[in-house]
Amino acid sequence: MSPKTHEASPEERAASPAEHAASTASTEAGEAESPNLDFAGTTPYEDYVQADVLTHLQHLRSDDPGEMVFLVTTQVMELWFTVIVHEWETAAHALRRDDIPTAQNALKRSLRELEALNASWRPLAQLTPAQFNSYRGALGEGSGFQSAMYRRMEFLLGDKSASMLVPHRGAPRVHAELEKALHEPSLYDEVLGLLARRGHAIPASVLERDLTKRYEPSPEVEAVWTELYSGDEHGDLARLGETLTDVAELVWRWRNDHLVATRRAMGSKTGTGGSAGVAWLEKRATKNVFPELWTARSHV
């Protein structure tokens, strides 16, 4: 059976061959570009993104219209924390295998994610005390330092404290995840292990330290970074050091943006959850992540 032929309309017969070809191609392209709009259940997009879940997680506790942006921005921050933890854990596992390229790719992705996280402060950065106070009571004892995912970020940076698990005792799964992270090597621990395997003089006291404690700077580690930065700046270890420094700088900017936004919204009052508020954030903002990467520069 021969294929069915297209019978030209009077308008098509009047058109030139070139015009007819262009019209037919345009029609076929339009039909090809038409999206499928009919699905038996939810859309594949919804199944993958779970947008309906995400956009119905906002349960306001006040009548103030400004509470919505505060709540959504905080939820967005939690999502960025989750992505960044994933990247740093990927990097840590790669470093354990001496796979620097995979670690570098994960760390560099995290730089863009940290920039997006830091930009989350912009909707909140202009809050006046009156605006913040209009819904501050809705937070009750809630405070950002209670964020479990942010705590995992801090643990990966080497800033560990067993006491920070206490607020999560009532959530067994979250508590177990944090306890596991507390006992695992931080991202920086994995970097120092790699340096040791490459023949650099990382002392045993650093390699065998209590991983549940906050990392403390070491003169010997500083000397190793000084040596690396005094050598081939294009070497894989020196470039890894610079990527880690980029991470550290963005973490510092995050802490300072948090400090400024809080100072602007509430001054020096006691923070939510009974924290010291600005005083506590000021103390945090003075701490450098990966400290020897900064101090070694004075000796190069």
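Residues numbered from 1 in each chain as written. Predicted model: local features only at pLDDT ≥ 70, side-chain atom pairs only at ≥ 80, totals over all residues. Heavy atoms only, no water.

A. Here's a closer look at helix α5 (residues 67–96). Under the 1.5 Å per step criterion, the end-to-end length of α5 is 44 Å for 30 residues, consistent within 8% with the ideal 44 Å. With its phi angle positive at about 65°, D98 sits one or two positions after the end of α5. (Helix = DSSP H or I, 4+ residues; strand = E, 2+ residues; numbered from the N terminus. Expected span 1.5 Å × (residues − 1).)

B. View of the layout of surface pockets. Looking at the largest pocket, its volume works out to about 1300 Å³. Along the wall of the largest pocket there are 41 residues; nearest its centre are F70, T74, L139, S143 and G144. A per-element tally of the lining of the largest pocket places α5 first, with eight residues. Tallied by class, residues from the lining of the largest pocket come to 20 nonpolar, 14 polar and seven charged. (1 Å grid on protein atoms, 1.4 Å probe; cavity = no way out; pocket = protein on both sides within 12 Å on 5 of 7 lines; lining within 4 Å. Points joined across faces, edges and corners; volume = space filled by probe spheres on them. Nonpolar A, V, L, I, M, F, W, Y, C, P; charged D, E, K, R; others polar.)

C. Spatial organisation of unusual backbone geometry. In this structure, Q50 takes a positive phi of about 60° despite not being glycine. Residue D98 is not a glycine yet carries a positive backbone phi of 65°. With respect to the secondary-structure elements, D98 resides in the loop between α5 and α6 (100–119). Among the residues examined, D98 registers a relative accessible area of 40% and is labelled partly exposed. (Buried < 20%, exposed > 50% of the residue type's maximum accessible area, 1.4 Å probe, protein only.)

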